[in-house]
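# Residue-level structure breakdown
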Amino acid sequence: MTSTVTYQPTENELRHTFGTHPAVAEIKPGSLLVTSTEDCFGGTVLTVDDLPSKVCQAFNPVTGPFHVAGAEPGDTLALHFAAITPARDWGMSATFPHFGALTGTHTTAMLHPPIEERVWRYTIDTTAGTVTYHARRSDHTIVMPLEPMLGTVGVAPGGGEARSTIAPDAHGGNLDTPEVRPGATVYLGVNVPGALFAIGDGHARQGQGEVCGVAVETAMNVTIAVDLIKGVTTPWPRIETDHRIISIGAARPLEDAYRISQHDLITWTAQLTGLELLDAYQLVSQAGRAAPGNVCDPLYTMHAALTKAVLAGASPYSGVHQRLRRIAEPAR
């Protein structure tokens with residue numbers, strides 16, 4: 001029988017860094033975790049008049065960290081997202097001065113005035129499976145599909161570091177890729193005993209690239225099947241779905257994030273299929289897909305994806321995704 005750990009954080013238990021925090025609970029491999037997350041505003045932005053710069057003390061809180069029994073550096077943590085469900089019937093988004101892909105920042109110095117800080121409130125209907133956009137300067141509305149995901153998932157970095165939850169890197173963090181959705185398995189390399197993973201940053205939906213820097217932010221109820229792959233390293237965050245494998249790269253400039261994700265996907269494909277490296281390079285060049293996660297955070301993210309149909313029946317991580325999917329089935 002699958003064991004289940006239930007943890008509901010209080011406001012004071014939310015964290016804003018990966019690393020250095022004690023675990024809030026221990027999870028054994030093969031168990032389910034039932035928990036909840038806040039939005040990137042910590043639940044403080046309630047109306048379009050609540051400017052984040054005025055009401056938020058900090059941004060992007062995460063739930064955790066969780067200690068995985070037996071996890072050691074050099075292992076790989078597998079997190080299968082069985083359910084990600086909005087905990088509210090509304091979500092918030094915003095534009096900020098000096099944040100986002102189309103404004104000046106401290107590293108992209110411009111002489112024009114900073115972009116306006118403005119807030120949008122979206123209506124979420126979980127029964128209909130919709131998210132409704134409401135323009136601020138007209139009566140225009142658009143109904144879009146509800147596509148819940150988590151923007152942030154990661155483990156503690158190595159070397160005793162504490163990394164801001166806003167920054168993505170090899171440990172995971174603020175990946176902001178819509179592929180972290182129900183039915184996906186995320187693989188993260190373990191850097192410290194127990195892995196110490198945390199999750200947060202619920203999005204009712206997000207466009208590829210998260211161009212303004214903020215998705216449709218909302219709190220989420222989350223169920224995760226947790227497993228551990230001993231003695232197998234994972235250099236960068238990876239995702240597996242029923243039909244695709246995906247590698248994540250994080251860096252600035254964006255082309256380096258692209259290179260990291262493609263390099264990892266090509267070497268992973270060579271490992272899975274037994275193809276010589278340049279043969280794998282050629283296969284990914286013709287069959288692969290690429291998309292940005294975000295182009296606004298301290299490091300940008302890109303993902304590289306390949307359909308499993310070209311893997312000649314190879315099973316990543318010896319079938320962990322399928323095994324966790326079966327464990328998680330009753331929770332869906």
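Reading guide: rules and limits
- Residues numbered from 1 in each chain as written.
- Predicted model: local features only at pLDDT ≥ 70, side-chain atom pairs only at ≥ 80, totals over all residues.
- Heavy atoms only, no water.
- Helix = DSSP H or I, 4+ residues; strand = E, 2+ residues; numbered from the N terminus.
- Buried < 20%, exposed > 50% of the residue type's maximum accessible area, 1.4 Å probe, protein only.
- Lys, Arg positive; Asp, Glu negative; His and termini not counted.
- Salt bridge = Lys/Arg side-chain N within 4 Å of Asp/Glu carboxyl O.
- Polar contact = N/O pair within 3.5 Å; in protein donor to acceptor, adjacent residues only side chain to side chain.
- Contact = heavy atoms within 4.5 Å.
- Pairing = 2+ DSSP bridges.
- Axes fitted to C-alpha atoms, helices over the stretch in contact; angles between N-to-C directions.
- Arc of directions from axis to C-beta.

- The name given to the chain in an unreviewed UniProt entry is Acetamidase, with the source organism recorded as Micromonospora endolithica.

## Some words on the side chain of Asp201
- Tracing the chain through its elements places Asp201 in strand β16 (residues 197-203).
- At 11 Å, Arg88 is the nearest oppositely charged side chain to Asp201, a buried residue that forms no salt bridge.
- A polar side-chain atom of Asp201 sits 3.5 Å from a polar atom in the side chain of Thr152.
- With near-sequence residues (within four places) excluded, Asp201 lies in contact with Glu38, Cys40, Asn60, Pro61, Met149, Leu150, Gly151, Thr152, Asn174, Asp176 and Glu217.

## Looking at the sheet that holds strand β18 (residues 238-240)
- The strand order across the open sheet formed by nine strands is β1-β4-β17-β6-β15-β18-β19-β21-β20, and the pairing between neighbours is mixed. Two strands in the sheet have a free side with no partner beyond their single neighbour: β1 (4-6) and β20 (289-292). Strand-to-strand twist across the sheet, computed as the mean angle between neighbouring axes with direction ignored, equals 25 degrees.
- Across four bridges, the pairing between β20 and strand β21 (residues 300-307) is antiparallel. Within the sheet, the bridge partner assigned to Ala290 lies in β21 and is Ala304.
- Docked against the sheet, helix α2 (residues 254-273) engages β18, β19 (244-251), β20 and β21, running at close to 145 degrees with respect to β19.

## Some details on helix α4 (residues 320-328)
- All of the buried residues in α4 are Val320, His321, Leu324, Ile327 and Ala328. Looking straight down α4, one finds that the buried residues subtend no more than 120 degrees of arc, so they occupy a single side.
- In the core, the buried residues of α4 are packed alongside β4 (31-37), β6 (76-86), β15 (185-189), β17 (220-229) and β18.

## Remarks on the sheet that holds strand β10 (residues 141-145)
- Spatial ordering of the open sheet is given by β7-β8-β9-β10, a layout of four strands whose pairing is antiparallel. A single partner strand is all that each edge strand has here, and the edge strands are β7 (90-95) and β10. The sheet shows a mean angle of 25 degrees between the axes of neighbouring strands, direction not considered.
- Pairing of strand β8 (residues 118-125) with strand β9 (residues 130-134) involves three bridges; the strand directions are antiparallel. Within β9, the residue paired with Thr123 across the bridge is Thr132.

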